[in-house]
Amino acid sequence: MDAKRRNSGPPRGGASQAKRGKTGGDWEDSPSIFEEELALFEEADMEAEEREGQAGHDVIPVGELFSTDLNPRWRRPQAAPLNPDSDTLVFQQIDLDYYLGAAVAGMPGQSQGNVPIIRMFGVTDSGNSVCCHVHGFAPYFYIPAPNGFTSDHLSEFKRELNSAVLKDMRYNKDNMSVTVLAVDITHKESMYGYHGKRIADFLRITMAIPRLIAPAKRLLEQGFKFGPFPIQSFSSYEANIDFEIRFMVDSDVVGCCWIELPKGKYRVREERMLGETDAHNPGKVSLCQYEVDVGWTQLISHPAEGEYQRIAPLRVLSFDIECAGRKGIFPEAEKDPVIQIASMVQRQGEKEPFIRTVFTLQSCSSIVGSQVLCFTKESQLLQSWAEFVRTVDADIITGYNIQNFDLPYLLNRAATLKVKLFPYLGRVLGIKSVLRDSSFQSKQMGRRENKILNMEGRVQFDLLQVLLRDYKLRSYTLNAVSFHFLQEQKEDVQHSIITDLQNGNEQTRRRLAVYCLKDAYLPLRLLQKLMCVINYMEMARVTGVPLTYLLSRGQQIKVVSQLLRQAMKQGLVMPVVKPEGGEDYTGATVIEPEKGYYSVPIATLDFSSLYPSIMMAHNLCYTTLLQKGSAEKLGLTPEDFIKTPTGDLFVKSSVRKGLLPDILEDLLSARKKAKAELKKETDPFKKQVLDGRQLALKISANSVYGFTGAQVGKLPCLEISQSVTGFGRQMIEQTKQLVESKYTIANGYQADAKVIYGDTDSVMVKLGVDTVSRAMEVGREAAEWVSSHFTPPIKLEFEKVYYPYLLINKKRYAGLYFSSSADTHDKMDCKGIETVRRDNCTLVANLINTCLQTILIDR
DNA sequence: CACCGTACCTAA
DNA sequence: TAAGTTAGGTACGGTG
Ligand SMILES: Nc1ccn([C@H]2C[C@H](O)[C@@H](COP(=O)(O)OP(=O)(O)OP(=O)(O)O)O2)c(=O)n1
């Protein structure tokens, strides 16, 4: 199944080809290493079998007789009876969405018409699946109350707005009569700008459904008249927040956190027969083992600390399909059959998959360590696999390029063959999985087109998407990636012979099945090795967004989620601003390099987390910004605020502490923890992964700064971003001066120190010392001394010594990197040079690399 | 040949 | 909230 790889490839510029095995001709079956590995699973299974039932390592000619009981391991563990009066239900939530439905009797909120209901999916400690309907939470937004507005005006305002919204609806297909549920007077303050903590009246407008927020906002903006007030235009606040995020912020739920439903506070849904249904007293609508209803204020969300950092035994399903394409033509779902689907299921945290199975079209010889299910009709294969997915009830679905190839292919193929029961892959009964196109564009990641397939309650965790987001690689083929991370290759089968193998005999199809199994196994291995689930969950918890957002959205949503949480604590609300482009602002300084080859140690000093620490040290935030004239108006004395290098004014933390500094503290402390773990870790590969986690948290912290400078973003504030870079420019210049003025012959040092290069937050200093260890000593001392000139938490750190050092140009240099020891270099560090760029062929990279080695190591 | 604008990718 | 930021190198094509 090479089809998908060709489809995906690197976004552009991928130079090297994936390595193919030697020859593709030998169809002889000498057992591969992977087969032996599979066989080992079989042995390990023997013991488990008494507990979990037969693993079922056999060939079953299924024919017409498919049943989800074919393998007792498929089902989740039996769920203990749940008594809501005496049992507390605790689960880890992994996905969250909302739907419109009839209110459930006894639950809070509107009872008439369709109401929004939040749906949380999760897993308990014992591995049972949960679907939790959360009731009574309605969407809302704010506007500033007009002058002279009192509670006497509320009902009139509400009535007028309601009728305006109704009139605005082109077709009111739900026949709604109440669109505005409530209007309340609240005491809030805009987070944009400091205005002397003047709490003002804001109207909180609660709408019946999320979709109505946008029209209500628009109508109020366009000019709205009610009661005795003149027609006026209202600016709105928090009217552009995803409903899921709104709920999570208000109920203090973060992504992947543990949820507790106290006894007596929730209801359990039972299976209902069709016809027994009662709209206000519904039965189960999901495949989850526990399905419950709860009021939104009743659920307890546990912060991810201590025991609540754990991860539930999630079921991770990895799969891969093979299709019989025609020679040289990319498989088309309308024409080319699906001939095999391999699936592996593993519990998060365990080392091996406990389900290993392959569905084949036509007979297939047995494979030790896995179950082979043979079908004679393709439509049956497809339908059975869908049933398999529903039975296994996976929480996380992975594979390689499943999002843009396997899943769409299966869905289209099933549609072609009219397999009616196939496209129900989610956890909610009766919701059909359909394909959608979407495109995602950002400067960070370029333009990315994707297909989207809805699967309520299951998280699609396509490993290719993860790698594209998190790793810059030369090639993203599964083979290249496996080799890179696992030093392992795919089973050697050329895609051109797949059809021939299928048309051969049960031995050749067996060979194909082994290949297919491996392609399902590799993503699972990679997921584990790269600790994707752990890292993504941590990110979801730290930034507060659902797991799925991390693969489908950008950095902004993370900042918004954190901003709203901090703002809510202080009674601040976030304005809606219309995006408008403008001039770019000035960024960082790159010190003009003194190009050349240095055969003396060069010390590198580097501000740690420069921009975040600037924002913390100077209390830069939306809430501390003094807009033009504010300082005078509020009667602030010069001691109350600072003037940044760009001339912008911000109040000091003694007047009010900003939200952004608080957010940054959280992010940096998470990063610090990750760095501490990194330090403790000895396994080099795990070190790399932890470094990746640490880096992701760094980018999240830097994105807080980036967010304020995002002019097409949701709350740009160039005063903040340009002040940050302004401080940065000042600091690198000052650092250079300080170092060069102190370390001089006149001051008793061996030589005059010279800053030969520096970029944004670092200076490379030629100290005039001969040894690495001496450079480290002086470097450390200099860093400490320079730090004392700045406000904490700003800190200059001694980071490394380069010896020797080759400085080619701005942003292009190489050197031997000394940090952990003065005697041996840790690595050869190359920045910006062809060796690290992916728009060169490997020959160039290798050539330059050899040159650099000759120069720097062999001298 | 100088100069400018664009594509691509990287450093920070 | 569709989409973090700017600086800057190299290659290359077009223009005058
Ligand atoms: N993706 C990035 C990387 C950096 N920067 C900005 C903000 C950083 O504070 C500054 C310096 O970048 P570094 O790569 O040196 O990283 P930090 O200083 O943030 O972290 P550390 O040096 O502790 O690793 O550049 C940024 O805006 N976005």
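Details of the structure are given in the entry above.
Report on the accompanying structure. Worth saying up front: this structure is predicted, and the values here are computed from it rather than measured.

## Details of the pattern of salt bridges
Right, on to step 1. Applying the stated criterion across every chain yields a total of 42 salt bridges.
Right, on to step 2. Across the pair Arg553 and Asp242 runs a salt bridge, and its minimum N-O distance is 3.0 Å. Of this pair, Arg553 sits in the loop between helix H13 (547-552) and helix H14 (556-569) while Asp242 sits in the loop between helix H4 (213-222) and helix H5 (243-250); the two residues are 311 residues apart in sequence, bridging distant segments of the chain.
Right, on to step 3. On the basis of relative accessibility, which here comes to 26%, the residue Asp242 falls in the partly exposed class.
Right, on to step 4. Here Glu781 and Lys742 are joined by a salt bridge, their closest N and O atoms 3.6 Å apart. Linking Glu781 in helix H20 (residues 772-787) with Lys742 in helix H19 (residues 718-742), this pair joins segments that are 39 residues apart in sequence.
Right, on to step 5. Shared partners join several salt bridges into a network, and the residues in it are Arg76, Asp393, Asp395, Arg427 and Arg458.

## Considerations on unusual backbone geometry
Right, on to step 1. Cis peptide bonds are those with omega within 30 degrees of zero, and the linkage from Pro792 to Pro793 qualifies with 0°.
Right, on to step 2. Mapped onto the elements of the fold, Pro793 is located in the loop between H20 and strand S29 (796-809).
Right, on to step 3. Geometrically, the link from Tyr803 to Pro804 is a cis peptide bond, its omega value of -5° lying close to zero.
Right, on to step 4. Residue placement: Pro804 occurs in strand S29.
Right, on to step 5. In this structure, Asp393 takes a positive phi of about 55° despite not being glycine.
Right, on to step 6. Its location among the elements puts Asp393 in the loop between helix H6 (378-392) and strand S16 (396-398).

## Considerations on the site of the ligand
Right, on to step 1. Neighbouring residues of the ligand: 13 residues in total, closest Ser609, Tyr611, Arg671, Lys698 and Asp761.
Right, on to step 2. Side-chain polar atom of Arg671 to an oxygen atom of the ligand: 2.8 Å apart, as the coordinates give it.
Right, on to step 3. Asn702 has a polar side-chain atom sitting 3.5 Å from an oxygen atom of the ligand.
Right, on to step 4. When the free accessible area of the ligand is taken as 550 Å², the share hidden by the protein chains comes to 69%.
Right, on to step 5. Secondary structure elements with two or more residues in the shell around the ligand: strand S23 (602-607), helix H15 (610-617) and helix H18 (684-708).
Right, on to step 6. Partitioning the shell around the ligand into residue classes produces five nonpolar, four polar and four charged.

## Let's talk about the packing of H15 against H19
Right, on to step 1. In the contact formed by H15 and H19, the axes pass within 10 Å of each other and the chain directions differ by 105°. One way to sum up the angle between H15 and H19 is to call them roughly perpendicular. Contact with H15, carried on its side by Leu610, Tyr611, Ile614 and Met615, involves Ile720, Val724, Thr725, Phe727, Gly728 and Met731 of H19 and no other residues of that element.

## Regarding the protein's contact with DNA strand C
Right, on to step 1. Around DNA strand C, 35 residues are found, and the nearest of them are Asn240, Gln556, Ile557, Met574 and Lys714.
Right, on to step 2. For DNA strand C, the backbone portion of the atoms within 4 Å of the protein, that is sugar and phosphate, comes to 70%.
Right, on to step 3. The separation between a phosphate oxygen of DNA strand C and a polar main-chain atom of Gln555 is 2.9 Å.
Right, on to step 4. In the environment of DNA strand C, a phosphate oxygen lies 3.0 Å from a nitrogen or oxygen atom belonging to the backbone of Gln556.
Right, on to step 5. Breaking the surface near DNA strand C down by element, the ones donating at least two residues are strand S17 (435-442), H14 and H18.
Right, on to step 6. No other element matches the five residues that H18 contributes to the surface near DNA strand C.
Right, on to step 7. In terms of residue class, the surface near DNA strand C is made up of 12 nonpolar, 14 polar and nine charged.

## Focus: the packing of aromatic side chains
Right, on to step 1. Applying the stated criterion across every chain, the model contains 36 aromatic pairs.
Right, on to step 2. Geometrically, the ring pair formed by Tyr805 and Tyr813 is tilted, given 5.5 Å between the ring centres and 55° between the ring planes. Neither Tyr805 nor Tyr813 differs from the other in exposure class; each is buried.
Right, on to step 3. An aromatic cluster of at least three residues, connected via ring pairs, comprises Tyr598, Tyr757, Tyr802, Tyr805, Tyr813 and Tyr817.

So, how was this worked out
Residues numbered from 1 in each chain as written. Chains lettered and ligands numbered in written order. Predicted model: local features only at pLDDT ≥ 70, side-chain atom pairs only at ≥ 80, totals over all residues. Heavy atoms only, no water. Salt bridge = Lys/Arg side-chain N within 4 Å of Asp/Glu carboxyl O. Helix = DSSP H or I, 4+ residues; strand = E, 2+ residues; numbered from the N terminus. Buried < 20%, exposed > 50% of the residue type's maximum accessible area, 1.4 Å probe, protein only. Near = heavy atom within 4 Å. Polar contact = N/O pair within 3.5 Å; in protein donor to acceptor, adjacent residues only side chain to side chain. Areas by Shrake-Rupley, 256 points an atom, 1.4 Å probe, with all protein chains shown as cover. Nonpolar A, V, L, I, M, F, W, Y, C, P; charged D, E, K, R; others polar. Axes fitted to C-alpha atoms, helices over the stretch in contact; angles between N-to-C directions. Parallel < 35°, antiparallel > 145°, perpendicular 65-115°, else oblique. Contact = heavy atoms within 4.5 Å. Phe/Tyr/Trp six-rings, centres within 6.5 Å; stacked < 30°, edge-to-face > 60°.

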